[in-house]
Amino acid sequence: MTANEISGSAQLHGLTVQTGSVAGGIHYYRPVTDVPPPRQLPGVPRHFTDREDDVRALNTARESGATLIDICGIGGSGKSALAARWLSAGAYDDGQLYVDLCSQEGPLPSEAILRRWLRAFGFDRPPARSGELITLWRSVTATRAVAVLIDGATRPGQVRPLLPAGDRSTTVVTSRGALRDLAADGAVFHSLRPLGHQAAVQLLARFAGQVRVEASPRDAARLADRCFRLPLPLVLVGARLALRPEHSIAALSDALADRGLTTDTAREDPAHMTVDTALDGTYEDLEPVTQRVYRLLGLVPTLDVDPDLTAAVCEVPWAQAEWQLEILAEEQLLEPLPEVGGRVRYRLIPAARDHARRLAMQAHSDDDPARSLRQLCEWMLAVSTQAQTRLTPAQATLWQATMTPLPQVQAPFRTDPEALAWLESFGDSLLNVLHAATEASWPEVVWPLVDTFWPLFLRLHQYELWVAAHEIGLAAARQAGNAAAVRQMLLSGAIGLNASGRRNDAIRWYSEARDEARRTGDRRDEGQAALGLGACHHEAGRPDLARAFLAEAIGLWRDCAYPRGVALAQLTMGEADLADDAGRALEMFVEARAALLEVDDSYEVARALVLQGHARVLTGDVEAGIEEITTGLASLTAAGGTRWQARALEWLADAYCSNGDAAIARQHYQQAVELYKAIRPTDAERVRSLAVNL
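Residues numbered from 1 in each chain as written. Predicted model: local features only at pLDDT ≥ 70, side-chain atom pairs only at ≥ 80, totals over all residues. Heavy atoms only, no water.

(A) Region of interest: the overall build of the protein. The secondary structure content of the protein amounts to 32 helices and 7 strands. In the protein, which comprises 694 residues, the share counted as buried stands at 53%. Of the contacts formed within the protein by residues at least 6 apart in sequence, a portion of 67% connects residues at least 24 apart. Accessible surface computed for the protein: about 30,900 Å², of which carbon and sulfur atoms make up 50%. (Helix = DSSP H or I, 4+ residues; strand = E, 2+ residues; numbered from the N terminus. Buried < 20%, exposed > 50% of the residue type's maximum accessible area, 1.4 Å probe, protein only. Contact = heavy atoms within 4.5 Å. Areas by Shrake-Rupley, 256 points an atom, 1.4 Å probe, with all protein chains shown as cover.)

Shown next as structure tokens:
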């Protein structure tokens, strides 16, 4: 009899197995991490006023079966606040999603939006191709109850790819004018008008103070009319009054009239003139230092601002930058955003961004748009360099070896997740910054910015951004005459092209990098290009071409003593050999794994072990193969390699099939399907059919 007990002060965490003996091995797979339903709708302002009639109209539309509603109206009327308020009150238990289409200078591709939303549902590596993205999006939302808010649409084509499937979800679009073509998609249109007289005065009183408004009711009503009873200008002038108790409501109303803001003169575009006039008054009441910060922020081609960025661009101490942002937020010129990695962030309201930029472009002696942009670029580069060094140190060599020193700045992150979150928070603004630096003729800044954002491309698979950024970076590297940077952009960009399904373009970029490397005598880069070409041809089903390029890479890297590169090429070479000669592939995998163990590359060691186990199964050594695949899978799961986890699970299922264990094989196939669904839907369907046909 065997005694087996746990006693005393022992503390157990995670999976614990207590047993006397084990026959056949224990297999444990970490389940796909559950993520909470996304809750992305912007917060409803506490000063939200009235709109009961509008809410009733929206409820009626929903009760009649409408799943797509376009709320249209002039700027400043509160379309976004109404949409967020109404959707937040609905029963959308499976998630709330949001995108602001007018929050940046260039259009945000629908593919980028869908990837962001799919990641919010736990699909950490969405598909590369647009068609597969839309298919997965519709599959994910087919049975879910999801609320979607698409803010600031200007054309129906921006909306259609983002519509969820099924009739349990509701999509609200906000637009200046009605997007009539959406009627073909079943849209219901709701026009949002200015507030009523009583509601407008009530909103003004929320900021200026009820006692103050009740003391001058006629002046308050006149001021509300001067603001055309639009929520945004009412909030702005109310905030001015609240912060300046010495100002009378009558004086402010007269000041608006003196600016020419009357019903007659503003009849053509009352919203634009009302908001501009309110912003002018708010700006003139700011202290000079706050005025300057406001103007310079209008020049920044990023969506979000924070104290670190503001301190760099405005060349002020961090504490002062933080204080100035708080002042601008109190004046309702900045919108506070949720923190990212513990960082406080703001966003200029769109009207304020345009207003601040116009002021900065005027003749202000202390404003230098070019200097502000340069300060921004160098600050971003200094921080992104630290993120790259932390997250992908092997990539962070070329820039540091070739560029001039950067300003010494303290990175606003302390951990790897925070570093990645910082890169992601600036990802949507990266192209804007690159374009601005390109227009300023700063190629020596442009290509390093692309290079240092490599961890973002590698980890989050934003393929459109990946390729577009590298196209800009490649042009900049050529303009700078930096041959090493040209090769870096070609090689890194080709990886993104191949991953996004643009294989022919990837082959062209790899070939060009290979020619450039040969011309300059860089054998290591020449080997990298040959490896990329081999991988492209292997995936395209051209094994002979693949082997030729992979053999070239192995020879080049052996000559320049780069054992890790040799091993990586051997892994791809072995994959090319699997179908024809599993025994030869096994020898290649064993040799590559030994080399990777020498250089301590744990992820590639795990990948090599899975390939090694798969090859053993194909050669007939099924039990040993299952053991190796299982061990490699555990390491890949810990590292988060989704695609290779899925491949390992599929091969493990194949192995159990060959042993006649159909039930275990089906279980592994199903686990592989769940992982493939997030990254390669076509593979998910293929493996699902294998499970069904067992």
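(B) How the structure looks around helix α26 (residues 563–577). Compared with the 21 Å implied by 1.5 Å per residue over 15 residues, the 21 Å span of α26 between its first and last C-alpha is a close match. The buried fraction of α26 amounts to 13 of the 15 residues, a majority that puts the element mostly inside the structure. (Expected span 1.5 Å × (residues − 1).)

(C) Structural context of the pattern of salt bridges. As enumerated under the stated definition, the model contains 37 salt bridges in all. For Asp225, the salt bridge goes to Arg229, with nearest N and O atoms at 3.7 Å. The partner of Arg523 in a salt bridge is Asp559, and the shortest N-O contact between them spans 2.9 Å. Taken together, the positions of Arg523 in helix α24 (residues 523–539) and Asp559 in helix α25 (residues 543–559) put the pair 36 residues apart, joining distant regions of the chain. In this structure, a network of salt bridges that share partners links the residues Asp544, Arg547, Asp577, Asp580 and Arg584. (Salt bridge = Lys/Arg side-chain N within 4 Å of Asp/Glu carboxyl O.)

(D) Broad picture of the packing of helix α19 (residues 443–452) against helix α21 (residues 463–480). At a minimum axis separation of 8 Å, α19 and α21 run at an interaxial angle of 140°. One finds that α19 runs oblique with respect to α21. In this structure, α19 crosses over α21, and the sense of that crossing is left-handed. Contacts from Pro443, Val446, Trp447 and Val450 in α19 reach Ala469, His470, Ile472, Gly473, Ala476, Ala477, Gln479 and Ala480 in α21. Broken down by class, the residue content of the contact of α19 with α21 amounts to 9 nonpolar, 3 polar and no charged. (Axes fitted to C-alpha atoms, helices over the stretch in contact; angles between N-to-C directions. Parallel < 35°, antiparallel > 145°, perpendicular 65-115°, else oblique. Left-handed = near helix turned anticlockwise from the far one by under 90°. Nonpolar A, V, L, I, M, F, W, Y, C, P; charged D, E, K, R; others polar.)

(E) Representation of the packing of aromatic side chains within the structure. Taken as a whole and assessed by the stated rule, the structure comprises 12 aromatic pairs. Arranged with centres 5.9 Å apart and planes meeting at 40°, the rings of Tyr283 and Tyr294 form a pair that is tilted. Highlighted residues: Tyr283 in helix α11 (residues 270–284) and Tyr294 in helix α12 (residues 288–299), separated in sequence by 11 residues. Given a relative accessible area of 1%, Tyr294 falls into the buried group. Pairing Trp644 with Trp651 gives two aromatic rings, centres 6.1 Å apart and planes at 70°, and the pair type is edge-to-face. Look at Trp644 and you get buried, because its relative accessible area is 8%. For Trp651, a relative accessible area of 9% translates into the label buried. An aromatic cluster is defined as three or more aromatic residues linked by ring pairs; in this entry it consists of Trp379, Phe413, Trp422, Phe426 and Phe453. When the ring centre of Trp644 is taken as reference, the NZ or CZ atom of Arg647 above it lies at 4.5 Å. (Phe/Tyr/Trp six-rings, centres within 6.5 Å; stacked < 30°, edge-to-face > 60°. Lys NZ or Arg CZ within 6 Å of the ring centre and 35° of its normal.)

(F) Highlighting the nonpolar core. By size, the foremost hydrophobic cluster in this structure holds 87 residues, and its most contacted members are Tyr294, Leu297, Leu309, Leu376, Trp379, Phe453 and Phe457. In terms of residue count, the dominant contributor to this core is helix α18 (residues 416–439) (10 residues). Leu550, Leu568, Ala615 and Ala691 belong to the second-largest nonpolar core, a separate cluster that totals 50 residues. (Core = buried A, V, L, I, M, F, W, Y, C linked by side-chain atoms within 4.5 Å.)

(G) Expanded view of the packing of α26 against helix α27 (residues 582–598). Their axes nearest at 8 Å, the elements α26 and α27 cross at an angle of 160°. The angle between the axes of α26 and α27 places the two elements in the roughly antiparallel class. For the pair α26 and α27, the crossing hand works out as left-handed. Here Pro563, Arg564, Ala567, Leu568, Gln570, Leu571, Met573, Gly574, Glu575 and Asp577 of α26 come into contact with α27, specifically with Ala582, Arg584, Ala585, Met588, Phe589, Glu591, Ala592, Ala595 and Leu596.

(H) Representation of the sheet that holds strand β1 (residues 68–72) in the model. Taken together, 5 strands build an open sheet; the order of strands is β2-β3-β4-β1-β5 and the sheet is parallel. With one partner strand each, in any of the chains shown, β2 (95–100) and β5 (188–191) form the two edges of the open sheet. Taking each pair of neighbouring strands and ignoring which way they run, the sheet shows an average axis angle of 15°. With 6 bridges joining them, β2 and strand β3 (residues 146–151) adopt parallel strand pairing. Note that in β3 the partner of Tyr98 across the bridge is Leu149. (Pairing = 2+ DSSP bridges.)

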